[in-house]
Amino acid sequence: MATTRPRRLARQVSIVGAGLSQFGAYADKSSRDLFVEAFLDMQGTIDTGISASDIEAGYLGNYSADLFEHQGHTAPIMADWLGMTPTPITRVENACASSGSALREGVMAIASGMYDVVLVGGVEKMTSLPTEGVTDVLASAADGLYEVPAGLTFPGIFGAIAKAHMDRYETNLDHLLKVGIKNHENGKLNPKAQFQVTIRDMMDRRKARSEQRGEPVPDWSDELDFLNDARANPWIAWPLRLYDCAPITDGASCVLLVASEIAEQFTDKPVHVAGIGQATGRPLHDADELTSLSAAKVASAQAYEMAGIGPEQIALAEVHDCFTIAEIVASEDLGFFAPGEGPHAVDQGRTARTGDRPINTSGGLKAKGHPVGASGVAQVIEVYKQLRGEAGDRQLDNPNLEFGLTHNVGGTGGTCVVNVLQRG
């Protein structure tokens, strides 16, 4: 019989350091190179310093180095390259939610009392394969018995979700495009992002190239005009276009978790894990509806309950915008907006950095990049930086930030991990 008692951590857990590799496409780097880069970046953020020998255990999110790089057993390889042997380190695989799930394991390892200092990270090297190969690898996270044979690669899956949302609510194509425009504006301010460029920047470059080549210069008047031109922004899986899709990315992320009672030994600005939830949903073909992910609703309810707050107290969120419609659906599933109100919130600028519900200040998966095994922890790092006031040019103009949230989805909604973080 399932328990209904409130879930609580037996011991509080804090984040005291965080690091990212540069996100992008790197022919000359392997996943181990990327993870070392992220680890070194993390070391530089810890006020008192940290050495690999101080870490008692590790959890690594990685979706499929087996297929992307023909390299399995990735966790001990990363440990060796960091100089962490013989410290135990375990790989966690939950599709695009791999490092979100790894973080949950690290939190529980400390909350149980078994460890005091734990490394959690994620990594993916995706560009070793051509685009069609990456599509095939990612499709293995869908249901191979029912969804894949029907031709449902992930653009097709989220295209179906977008169409269902448009049919049920007042969602239109421009709402999707506006999510991408917003996230690229944020990504331009993120020095670790794959795309540090706005949609307008890309539009202006296309115009300049046409002029240099002596070709007719397109007469796009603004970003929406540009993105609604199928020559500039081709259809991928209707109603999704190229600029509705997150890119193929190489990258790594890592954070250092410690028991809260010793956090001051590492930093005077810890960020606490106030709540964490993980839930499992049925594959898309067997879901009750297409306009919501049931696992996201359950995981967020768990995280809110553990933190003792409601969605109205979340000051910022990093959500899993693998496609633009996914951000809109997430904003409703997490309780920020009522069902069908997410698109209107985009229209009203409420999810922009200057809005009352800022979402994906990092640029999101859409502009920051989506190295699938690393994305969950990368989301945590953005909220960590914002709560500490260290997000640079994209720092929110709110000195009273207290709670932030991350939402990390795997597969066709089969896994969702939600974290509520609190400024110390």
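Look up a bit, the structure's there.
Here goes a summary of the coordinates provided. Note that the structure is a prediction, hence the values are computed from the model and not measured.

**Re the packing of helix α1 (residues 31–43) against helix α3 (residues 74–82)**
Here's step 1: Interhelical geometry of α1 versus α3 gives an angle of 55 degrees and a closest axis separation of 10 Å. Looking at the two axes, α1 sits oblique to α3. Relative to α3, the crossing made by α1 is right-handed. Residues Ser31, Arg32, Asp33, Phe35, Val36 and Phe39 of α1 form the contact with α3, whose own contacting residues are Ile77, Met78, Trp81 and Leu82.
Here's step 2: When grouped by side-chain class, the residues that make up the contact of α1 with α3 number 7 nonpolar, 1 polar and 2 charged.

**A few points about empty space enclosed by the protein**
Here's step 1: Taken as a whole and assessed by the stated rule, the structure comprises 2 cavities of 30 Å³ or more.
Here's step 2: Roughly 90 Å³ of volume is contained in the largest cavity.
Here's step 3: Taken together, Phe158, Ile161, Leu293, His320, Cys322, Ile325, Ala326, Val329, Ala330, Asp333, His407 and Val409 form the lining of the largest cavity.
Here's step 4: Those elements that provide at least two residues to the lining of the largest cavity are α6 (154–168), α11 (324–333) and β10 (403–410).
Here's step 5: For the lining of the largest cavity, the element with the most residues is α11, which contributes 5 residues.
Here's step 6: Across the lining of the largest cavity, the residue classes break down as 9 nonpolar, 2 polar and 1 charged.
Here's step 7: What the second largest cavity holds in volume is close to 30 Å³.
Here's step 8: In this structure, the second largest cavity is lined by Leu20, Asn190, Ser362, Lys368, Ala378, Ile381, Glu382, Lys385 and Arg394.
Here's step 9: If you tally residues by element for the lining of the second largest cavity, the top one is helix α14 (residues 375–388), at 4 residues.

**Considering the nonpolar core**
Here's step 1: Counting residues in hydrophobic clusters, the biggest one holds 66 residues, and the most contacted among them are Phe35, Leu119, Val120, Val255, Leu256, Leu257 and Phe266.
Here's step 2: Those residues within four positions of valine 120 in sequence are excluded, and the remaining contacts are Tyr59, Ser99, Ala102, Leu103, Gly106, Ser253, Cys254, Val255, Leu257 and Val377.
Here's step 3: In this structure, Ala274, Ile309, Leu405 and Val409 belong to the second largest nonpolar core, which totals 25 residues.

**A word on the pattern of salt bridges**
Side chains that differ in charge, positive against negative, can pair when their charged atoms come close.
Here's step 1: In this structure the tally under the stated criterion is 20 salt bridges.
Here's step 2: Lysine 125 serves as the salt-bridge partner of aspartate 250, at 3.1 Å between the closest nitrogen and oxygen. Taken together, the positions of aspartate 250 in strand β7 (residues 250–259) and lysine 125 in strand β4 (residues 117–125) put the pair 125 residues apart, joining distant regions of the chain.
Here's step 3: In this structure lysine 125 comes out as buried when scored by relative accessible area, which is 3%.
Here's step 4: The salt bridge partner of aspartate 229 is arginine 231, with a shortest N-O separation of 2.7 Å.
Here's step 5: Look at arginine 231 and you get exposed, because its relative accessible area is 69%.
Here's step 6: If you follow the salt bridges from partner to partner, you end up with Arg11, Asp116 and Glu261 in one network.

Calculation rules
Residues numbered from 1 in each chain as written. Predicted model: local features only at pLDDT ≥ 70, side-chain atom pairs only at ≥ 80, totals over all residues. Heavy atoms only, no water. Axes fitted to C-alpha atoms, helices over the stretch in contact; angles between N-to-C directions. Helix = DSSP H or I, 4+ residues; strand = E, 2+ residues; numbered from the N terminus. Parallel < 35°, antiparallel > 145°, perpendicular 65-115°, else oblique. Left-handed = near helix turned anticlockwise from the far one by under 90°. Contact = heavy atoms within 4.5 Å. Nonpolar A, V, L, I, M, F, W, Y, C, P; charged D, E, K, R; others polar. 1 Å grid on protein atoms, 1.4 Å probe; cavity = no way out; pocket = protein on both sides within 12 Å on 5 of 7 lines; lining within 4 Å. Points joined across faces, edges and corners; volume = space filled by probe spheres on them. Core = buried A, V, L, I, M, F, W, Y, C linked by side-chain atoms within 4.5 Å. Buried < 20%, exposed > 50% of the residue type's maximum accessible area, 1.4 Å probe, protein only. Salt bridge = Lys/Arg side-chain N within 4 Å of Asp/Glu carboxyl O.

Such coordinate-based values are descriptive only and should not be taken to indicate function.
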